[in-house]
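Next come the chains, spelled out residue by residue.
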Amino acid sequence: MGYAHVYAHEIMHRGRVPMEPADFVPDWADRPRKAKFHPDAETLPLPDAPDAPETAAGAVRGFTLPLLSGMLRDSYGLTGRRLAVQANTDLAALPHYTHANWSRGTASGGGLYPVSIHWAAGPGGPLAPGLYHYAPHQHGLRRLLAGDVTGEVRSALGPGAGAAAAATQYLVLGVKYWQNAFKYNSFSFHAVSMDVGALVQTWRLWAAQYGLRIDPVLWFDEERLARLLGVAPEEEGIFAVVPLTWSGAPASGGGAAPAPAATPAATPVSTPTARHRDAERSRRVLVFETMLRIHGATAGRAADRPAPGALDAAAAIPPRGGDPLPLPAPPAPPATTGRALRERRSSFGRFDASRPVAAGPFAATLADCAATAYGTEAERPGGPPLTSLYAFVNHVEGVEPGAYAYDPAAHALRLRVPGPPGPFLQRNYFLANYNLEQAGAVIVPTVRTTAVLDAVGDRGYRLVNGTIGAVAQTFYTTAAAFGLGAGVALGFDNISYREELGLTGTDEAPLLIMLLGHDRPRPADFRHEIA
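Residues numbered from 1 in each chain as written. Predicted model: local features only at pLDDT ≥ 70, side-chain atom pairs only at ≥ 80, totals over all residues. Heavy atoms only, no water.

Novice: Teacher, can you tell me more about unusual backbone geometry here?
Specialist: Phi is mostly negative for residues that are not glycine, and the peptide bonds are mostly trans. Here the amide bond leading from Glu-20 into Pro-21 is cis, since omega sits at -5°, within 30 degrees of zero. The phi angle at Asn-185 is positive, at roughly 40°, despite the residue not being glycine. Positionally, Asn-185 belongs in the loop between helix H4 (178–184) and helix H5 (188–208). With a relative accessible area of 11%, Asn-185 lands in the buried category. Backbone geometry places Phe-348, a non-glycine residue, at a positive phi of 45°. In this structure, Phe-348 sits in the loop between helix H8 (337–343) and helix H9 (359–370). (Helix = DSSP H or I, 4+ residues; strand = E, 2+ residues; numbered from the N terminus. Buried < 20%, exposed > 50% of the residue type's maximum accessible area, 1.4 Å probe, protein only.)

Novice: Mind showing me how you'd approach the sheet that holds strand S6 (residues 140–146) here?
Specialist: Two orientations exist for strands paired in a sheet by backbone hydrogen bonds: parallel and antiparallel. The six strands lie next to each other as S1-S6-S5-S4-S7-S8, forming an open sheet whose pairing is antiparallel. In the strand order of this sheet, the two ends are held by strand S1 (43–45) and strand S8 (236–244), each with one partner. Within this sheet the neighbouring strands show an average axis-to-axis angle of 30°, counted without direction. Bridging between strand S4 (residues 115–121) and strand S5 (residues 130–135) involves four bridges; their strand directions are antiparallel. Across the sheet, Trp-119 pairs through a bridge with Tyr-132, a residue of S5. (Pairing = 2+ DSSP bridges. Axes fitted to C-alpha atoms, helices over the stretch in contact; angles between N-to-C directions.)

Novice: Looking at this model, I keep getting lost on empty space enclosed by the protein. Mind explaining?
Specialist: To locate leftover empty space, one rolls a probe as large as a water molecule over the atoms. The tally for this structure, following the rule as stated, stands at four cavities of 30 Å³ or more. Of the pockets and cavities examined, the largest cavity occupies roughly 100 Å³. At three residues, S4 tops the list of elements feeding residues into the lining of the largest cavity. A class-by-class count of the residues in the lining of the largest cavity yields eight nonpolar, three polar and three charged. (1 Å grid on protein atoms, 1.4 Å probe; cavity = no way out; pocket = protein on both sides within 12 Å on 5 of 7 lines; lining within 4 Å. Points joined across faces, edges and corners; volume = space filled by probe spheres on them. Nonpolar A, V, L, I, M, F, W, Y, C, P; charged D, E, K, R; others polar.)

The values reported here are purely geometric and, on their own, carry no functional implication.
Structure representation (structure tokens):
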């Protein structure tokens, strides 16, 4: 049993047994920047994105620079300033520009956005081949290294990478741990691995508008890619490689670049590395032993890639409970994906229970979340799902209050615990920024974490949390598309939820809670676009 099992156990029990360092207090005056900063690198502005087609029938053949720009802008770019009156603890600081909070299409634990996006641009693209970093605050690309490095990425992917090895353009996703650990210390690995899944799911939803696919790769030589990006492996984890289908690439082989010539064994091979490095703002960077251990346990090697079907043993347990309560067919959302991403936000205490959630949007939210997968090479197409969904219903039209299991095959609810769940929900929530009873429903995704780790090894912890992050991003996007308020939280007693839902004795792990409901009408907000 690897260390990821130990870490997963500590995460599940942290509501009862605090994780070390239990007395940690963030030094907010010495916090890191909210994005990487390369002071000497040239920044290239990105173009405006085209309008999305009304249906995927107007599919394009591949990405273009405007399409990539639009996907980056709607996922991690700054789309507006947040200054609404709400119940989060940082509200008093937000009017000060140095503490401003900027909205983004992708959700992030604590709003910290620690994922770094690099583009390994190869031949046939719109830019000179090289390694670029996406700068979200400038919505531009910083060139870190000139020259084609896609061969290095393909070598890191190793054999068995499938279609990913034929790409000429790659997005490489890293996580600078200190950007999150300065606040969440040992817990931060749990949060940031969800952040990666949320970002990838935003891209999957966004690209689907154009009939394009996003298929992340999780198993590769992580140390090799860390050298390419010029980062210390213990300071920044490389979590995913996303190959892009590029418009105009040669039809044969999907645009694969020529394989590099074989190098004699006696000749040393020099790994290219980024010329420009991130400049850290913090005067003191702390190291957390738990973070180092879980990073080391999950650091990847291409040779460890799971065999097809390995995850079948970790499939979600079929839903159990009372007789099925059918839900209405999910209605079509009134807003496009792009608009939903730009309007996505957390409700932070603004739920209003006087208006119950209509059954249609509630059903659509459940169906969309249940259909969400991370889409990695470890997941067999058409294979069984990894996630189960439970719903604590407070105020939903046509559904009696209670705790339910969602049955996606029947599109129905199965009663687990009758009666209003509000007292249980609020009693087991640690923070003061939400009144959970005021939400129309609280949806809880679970994964059989230990079964996944047993099936694919410690790196499976990143897959588990990436999957949960993808579900959370789908939840936010669907809620925004229907004009509903939403919030996702990690500050709850996981074991109490397992006990309440009758999951004791199983390996189902409730990993986050997702709040759905109507916000109070006419909220006080800051109109940044006219300021």
